[in-house]
Amino acid sequence: MRAEKLTTMANQIGAFFKAQGEAAAPAAIADHLKRFWDPGMRADIVALLDDKGAHFDPLVRKAVELLRAQQS
């Protein structure tokens, strides 16, 4: 259930930032997640990247990949 909730929330954030365009939106989404999500939520959303059942919007997937790269 938590995975679905986090994915839904991330996709809603992505929908808001979509107007910034494909080039800028992923960084804006990632920044929002870093600023407003607690570390546990960020860790959980990053872990969902490898879940084949996760339904990320493409811009959100790019944003979460950015988060993962920044955590490494």
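Parameters and conventions
Residues numbered from 1 in each chain as written. Predicted model: local features only at pLDDT ≥ 70, side-chain atom pairs only at ≥ 80, totals over all residues. Heavy atoms only, no water. Helix = DSSP H or I, 4+ residues; strand = E, 2+ residues; numbered from the N terminus. Expected span 1.5 Å × (residues − 1). Buried < 20%, exposed > 50% of the residue type's maximum accessible area, 1.4 Å probe, protein only. Arc of directions from axis to C-beta. Contact = heavy atoms within 4.5 Å. Axes fitted to C-alpha atoms, helices over the stretch in contact; angles between N-to-C directions. Parallel < 35°, antiparallel > 145°, perpendicular 65-115°, else oblique. Left-handed = near helix turned anticlockwise from the far one by under 90°. Nonpolar A, V, L, I, M, F, W, Y, C, P; charged D, E, K, R; others polar.

A. Layout of helix α4 (residues 58-71). For α4, which comprises 14 residues, the first-to-last C-alpha distance of 20 Å matches the rise-based estimate of 20 Å (1.5 Å per residue) to within 8%. Every buried residue of α4 is accounted for by Leu 59, Val 60, Ala 63, Val 64 and Leu 67. With its buried residues spanning 135 degrees around the axis, α4 presents them on a single face. Of the exposed residues in α4, the ones pointing more than 90 degrees away from its buried face are Pro 58 and Ala 69. Looking at the buried residues of α4, the elements they touch are α1 (2-17), α2 (25-36) and α3 (39-47).

B. Here's a closer look at the packing of α2 against α4. As a packed pair, α2 and α4 sit with axes 8 Å apart at the nearest point and diverge in direction by 60 degrees. Considering the angle they form, α2 stands oblique to α4. α2 and α4 meet at a crossing whose hand is right-handed. Residues Ala 25, Pro 26, Ala 27, Ile 29, Ala 30, Leu 33 and Lys 34 of α2 form the contact with α4, whose own contacting residues are Leu 59, Val 60, Lys 62, Ala 63, Val 64, Leu 66, Leu 67 and Gln 70. Taken together, the residues of the contact of α2 with α4 sort by class into 12 nonpolar, one polar and two charged.

Treat this as a map of the structure, not an account of what it does.
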